[in-house]
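Here is how the chains run, residue by residue.
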Protein chains: 2
Amino acid sequence: MSQMRKDVFTGRWVVLAETDIVKPTDFQFRPFTRGGGFCPFCETNESSTPPEVFALRAPGSLPNGPGWRVRVVPNTEPRLRIEGDLGRRGEGIHDLMNGIGAHEIIAETPRHDCSLHQLEVGEIADVVRAYVARIVDLELDRRLRYVLIFKNHGEEAGAHTISHSITHLMALPVTPRIIKNKLMVARDYYAQKERCLYCDALKQELEKRRRLIAENQDFVAIAPFASRFPFEMWVLPKFHASAFSQITPSQTATLAQILRDILQKLDCTLGRPPWNLCLQDRPFLRPRKGYWETIEADFHWHWEILPQVSRISGFEHASGFYYNPVPPEIAARCLASASGA
Amino acid sequence: MSQMRKDVFTGRWVVLAETDIVKPTDFQFRPFTRGGGFCPFCETNESSTPPEVFALRAPGSLPNGPGWRVRVVPNTEPRLRIEGDLGRRGEGIHDLMNGIGAHEIIAETPRHDCSLHQLEVGEIADVVRAYVARIVDLELDRRLRYVLIFKNHGEEAGAHTISHSITHLMALPVTPRIIKNKLMVARDYYAQKERCLYCDALKQELEKRRRLIAENQDFVAIAPFASRFPFEMWVLPKFHASAFSQITPSQTATLAQILRDILQKLDCTLGRPPWNLCLQDRPFLRPRKGYWETIEADFHWHWEILPQVSRISGFEHASGFYYNPVPPEIAARCLASASGA
């Protein structure tokens, strides 16, 4: 019999099928391939992008020239722009504001033929350093409340215009509703138990180990109990932390290591599937009405990896429910035993 | 400059681009085509499906034989099953229950070569009658709380296994979170204003007419202010009603007429795009804690038509935000002027 499971972090329900055999051919997707042609994000083509806002570079190399390891530039087709004021206003019953924010592209490597998980651990750690540096910088802009960091890998995951391995960064003037929802649920839990919801859930996963995919000294990768997508993976710090930007240098290295490991396991298990990688971080602490004063105790940052191997239909759009043909216990077993880093 | 708009019915934010020229070629999708081969939903193939649970038939025709206009059968690969008990239980910190419910397929026409919006108005009215009959019947099952009715038109919208024109019906033991969210927002609004949120929003749309697509004596089709998808359309009754199943015979005919009209306009504007059609109805009134006693005043049923012409990416998955390259005012202008029914 199929199961309905409730995601304890959001209240979202998921219908899980009763499948017990999973083959890569059960899913329809185009195995990932990288497009060719001229690429503005390749080394030596730096003049084809707007001036960089951040880069990790070899000593002596000049901004907007070769010699970088990770490079961050404004998106030339930004969904939000940094100039202007918010202009919050009404239109009768409706609310709107100007599209203010930042939209940056993080080129993860100077090489066109490499995906994030094909980089060395040290190179991935550089990418994580770039994420942190941009968050810390954007937090200074008082108009902004949240930095979204996400990656679209493969066409089915939304990467149809840029073929170089990049991460998107968008800084927003509002907190996204998925994050608000998670914050509210985590706050209610903390208010009741005086413990972090994520720490408690993690403790249970580490005891039962049925949904464990990988683990190192600082991080755990699990297939979440109410996985929305087949082979969905979450990476959580074992230590409690609400703000991603407070990651230490040694944690940066262990995060890079576990991300590389599980993305390689996913590649190997399904045969280069498309996926999205999304950071779930706390919003900036903007003191207002004391609303979120408890946020540092309540929330626990994490990464979500969402393989896009089955299509969202009217079911998901109409209900917010998800249907997942692969129970996470089976996904975890397949992934954990796959060869990774 | 792009705009951020808040959906007044859910609190969801949408980023709208500043586009002002829209061509069908701006979007990537496969124009809708219907697959061939043997089809269990075609007339004379009735024995290839489970026995029908409802049909509208010519006088004298026999169940599970030819002579039907609309026919409803259980899904042979149901996501939820009707037999058994809910078995609500915990697993440590998590909640789950058995996958109990109904999953039915509504064959909208005996003809394989016809889509919903290519049927005559009277035939579409028959489909609406079938929806209502199934909701009324399933409401008698006390385990169930909600009936989801949705349609996937085209592969990108999730219709990759059945090529006949069908609607999915799923009866659920819980109220979907999108509906719960809409109910809560509508209840708060009513508590404050003593007016229905949807009636107020509709009044404004009918005055301004900037987002109006079509209208008849009972219904209005609009491009919603905070459209998530390019060319998104909503159909709302002009009269206040919380339960779709209370629709009258004459309203059934006018609903069929406006659905046909706007789906034909959409087909014509974008060139046979994929779309989802989703009913947003109130849950069954199961008295429990008096929680929803005001639901009949608060909520206002409606249909959503969601064209699937741009891909959801990590942005939407990470944030619950949507990015829409086509402002609804432009979509409404294109759609309203397209030739429909």
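Residues numbered from 1 in each chain as written. Chains lettered and ligands numbered in written order. Predicted model: local features only at pLDDT ≥ 70, side-chain atom pairs only at ≥ 80, totals over all residues.

Enquirer: Summarise the overall build of chain A; cite the residues concerned and give the values.
Expert: A count of helices and strands for chain A gives seven helices and 15 strands. Relative to the 2.2 N^0.38 estimate, which gives 20 Å for 341 residues, the radius of gyration of chain A is 20 Å and therefore close to what a compact globule would have. Summarising its shape, the C-alpha atoms of chain A cover approximately 60 × 50 × 40 Å along the three principal directions. Every one of the 341 residues in chain A was classed for burial, and the buried ones make up 49%. Excluding contacts between residues fewer than 6 apart, the proportion of contacts in chain A whose partners are at least 24 apart in sequence is 72%. (Helix = DSSP H or I, 4+ residues; strand = E, 2+ residues; numbered from the N terminus. Rg over C-alpha atoms; globule rule 2.2 N^0.38 Å. Buried ≥ 20, exposed ≤ 12 C-beta atoms within 10 Å, placed from the backbone. Contact = placed C-beta atoms within 7 Å.)

Enquirer: So what about the relation of the copies chain B and chain A? Which residues, and what values?
Expert: Rotating chain B by 180 degrees and translating it 0.0 Å along the rotation axis places it on chain A, where the RMSD comes to 0.0 Å. Look at the turn and shift together and you get a two-fold axis relating the two. The position closest to the rotation axis in chain B is occupied by the C-alpha of Ile312(B), lying 4.6 Å away. Same-surface contact between copies: 100% of interface residues of chain B are shared with the interface of chain A. (Least-squares fit on C-alpha atoms with pLDDT ≥ 70 in both.)

Enquirer: Describe helix α4 (residues 249–270) of chain B, naming the residues involved and giving the relevant values.
Expert: If you check α4(B), its first and last C-alpha atoms are 32 Å apart, about what 22 residues at 1.5 Å a residue would give, namely 32 Å. Following α4(B) by one or two positions, Gly271(B) adopts a phi angle in the positive range, close to 85 degrees. (Expected span 1.5 Å × (residues − 1).)

Enquirer: Give a detailed account of the nonpolar core, specifying residues and quantitative values.
Expert: Ranked by size, the top nonpolar core spans 100 residues in total, and within it Met233(B) and Ile262(B) carry the most contacts. Looking at this core element by element, the count peaks at eight residues for α4(B). If you look at the next biggest cluster of nonpolar residues, it comprises 98 residues, including Phe9(A), Leu138(A), Phe150(A) and Tyr323(B). (Core = buried A, V, L, I, M, F, W, Y, C linked by C-beta atoms within 7 Å.)

Enquirer: So what about helix α3 (residues 197–208) of chain A? Which residues, and what values?
Expert: All names here are of chain A. The end-to-end C-alpha separation of α3 is 17 Å, in line with the 16 Å expected for twelve residues at 1.5 Å each. Residues of α3 that are buried: Leu197, Tyr198, Ala201, Leu202 and Glu205. Each buried residue of α3 lies within a common arc of 125 degrees when the element is viewed along its axis, so the set occupies one face. The inward-facing, buried residues of α3 contact α2 (177–193), β10 (212–215), β11 (219–222), β12 (233–237) and β14 (302–307). Arginine 209 lies just past α3 and shows a positive phi near 60 degrees. (Arc of directions from axis to C-beta.)

Enquirer: Go over unusual backbone geometry, please, and point to the residues and values.
Expert: If you check the backbone angles, Asn64(A) has positive phi at about 65 degrees while not being a glycine. Residue position: Asn64(A) is located in the loop between β3 (54–57) and β4 (68–74). Looking at Asn64(A), the number of C-beta atoms within 10 Å reads 15, which means it is partly exposed. Although it is not a glycine, Phe231(B) adopts a positive phi angle of roughly 65 degrees. Mapped onto the elements, Phe231(B) comes out in the loop between β11 (219–222) and β12 (233–237).

Enquirer: Could you give me a rundown of the environment of Arg143(A), with the residues and numbers involved?
Expert: Residues and elements named next belong to chain A. One can find arginine 143 in the loop between α1 (121–138) and β8 (146–153). With 15 residues separating them along the chain, arginine 143 and glycine 158 place their C-alpha atoms 28 Å apart. Excluding residues within four positions of it along the chain, arginine 143 makes contact with Leu86, Ile100 and Pro173.

Enquirer: Which residues make up the pairing of β12(A), and what values do they have?
Expert: Look at any regular strand and the pattern is simple: side chains alternate between the two faces of the sheet. Residues and elements named next belong to chain A. Burial of β12 is extensive: five of the five residues sit out of reach of the surface. In β12, alternate side chains face the same way, and those of Met233, Val235 and Pro237 on one face and Trp234 and Leu236 on the other are all buried. By the bridge criterion, four bridges tie β11 to β12 in an arrangement that is antiparallel. Residue pairing for β12: valine 220 is matched across the bridge by leucine 236. Summarising the sheet, β12 and β14 pair through three bridges and their orientation is antiparallel. The residue bridging tryptophan 234 from the neighbouring strand is glutamate 304, located in β14. (Pairing = 2+ DSSP bridges.)

Enquirer: Can you explain the pairing of strand β14 (residues 302–307) of chain B? Please cite residues and give values.
Expert: All names here are of chain B. Here β14 lies mainly inside the structure; six of its six residues are buried. Of the two faces of β14, the one lined by His302, Glu304 and Leu306 and the one lined by Trp303, Ile305 and Pro307 are each fully buried. Two elements, strand β13 (residues 275–280) and β14, share six bridges in a ladder whose sense is antiparallel. Opposite glutamine 280, over in β14, you have histidine 302 as the bridge partner.

Enquirer: Residues and numbers for the sheet that holds strand β7 (residues 102–107) of chain A, please.
Expert: One key point about sheets: their strands pair by backbone hydrogen bonds, in either a parallel or an antiparallel sense. Residues and elements named next belong to chain A. Across the sheet, ten strands lie side by side as β3-β4-β7-β9-β8-β13-β14-β12-β11-β10; this open sheet has antiparallel pairing. Lying at the two open borders of the sheet, with one neighbouring strand each, are β3 and β10. Looking at each pair of strands side by side, their axes are set apart by 20 degrees on average, direction ignored. Here α3 sits on the sheet and contacts β10, β11, β12 and β14; the angle it forms with β11, its principal contact strand, is near 75 degrees. (Axes fitted to C-alpha atoms, helices over the stretch in contact; angles between N-to-C directions.)

Enquirer: Go over the confidence of the model for chain A with me, naming the residues and quoting the values.
Expert: This prediction gives chain A a mean pLDDT of 92; 96% of its residues lie at or above 70. The ipTM value of the predicted complex is 0.90, and its pTM value is 0.93. (pLDDT = per-residue confidence, 0-100.)

Enquirer: With reference to specific residues and values, describe the sheet that holds strand β10 (residues 212–215) of chain B.
Expert: Residue and element names in this part refer to chain B. Here ten strands make up an open sheet; going across it, the order is β3-β4-β7-β9-β8-β13-β14-β12-β11-β10 and the pairing antiparallel. Two strands close off the open sheet at either side, each with one partner strand: β3 (54–57) and β10. Across the sheet, the axes of successive neighbouring strands diverge by a mean angle of 20 degrees, strand direction being ignored. As defined by bridge partners, strand β8 (residues 146–153) adjoins strand β9 (residues 166–172) across five bridges and the pair is classed as antiparallel. Looking across to β9, one finds that phenylalanine 150 is bridged to histidine 168. Across the sheet, helix α3 (residues 197–208) is in contact with β10, β11, β12 and β14; its angle to β11 comes to roughly 75 degrees.

Enquirer: Please provide a residue-by-residue account of the interface of chain B and chain A, values included.
Expert: Chain B puts 55 residues into the contact, and the matching count from chain A is 55 residues. When its residues are assigned to classes, the side of chain B that touches chain A shows 26 nonpolar, 19 polar and ten charged. Pairing analysis gives four bridges linking strand β1 (residues 3–6) of chain A to strand β6 (residues 94–98) of chain B, with the strands arranged antiparallel. Of the residues in β6(B), the one forming a bridge with Lys6(A) is Asp95(B). (Nonpolar A, V, L, I, M, F, W, Y, C, P; charged D, E, K, R; others polar.)

Enquirer: Describe the environment of Ala253(B), listing the residues and the values that go with them.
Expert: Among the secondary structure elements, Ala253(B) is positioned in helix α4. Sequence separation between Ala253(B) and Val127(B) is 126 residues; the distance between their C-alpha atoms is 11 Å.

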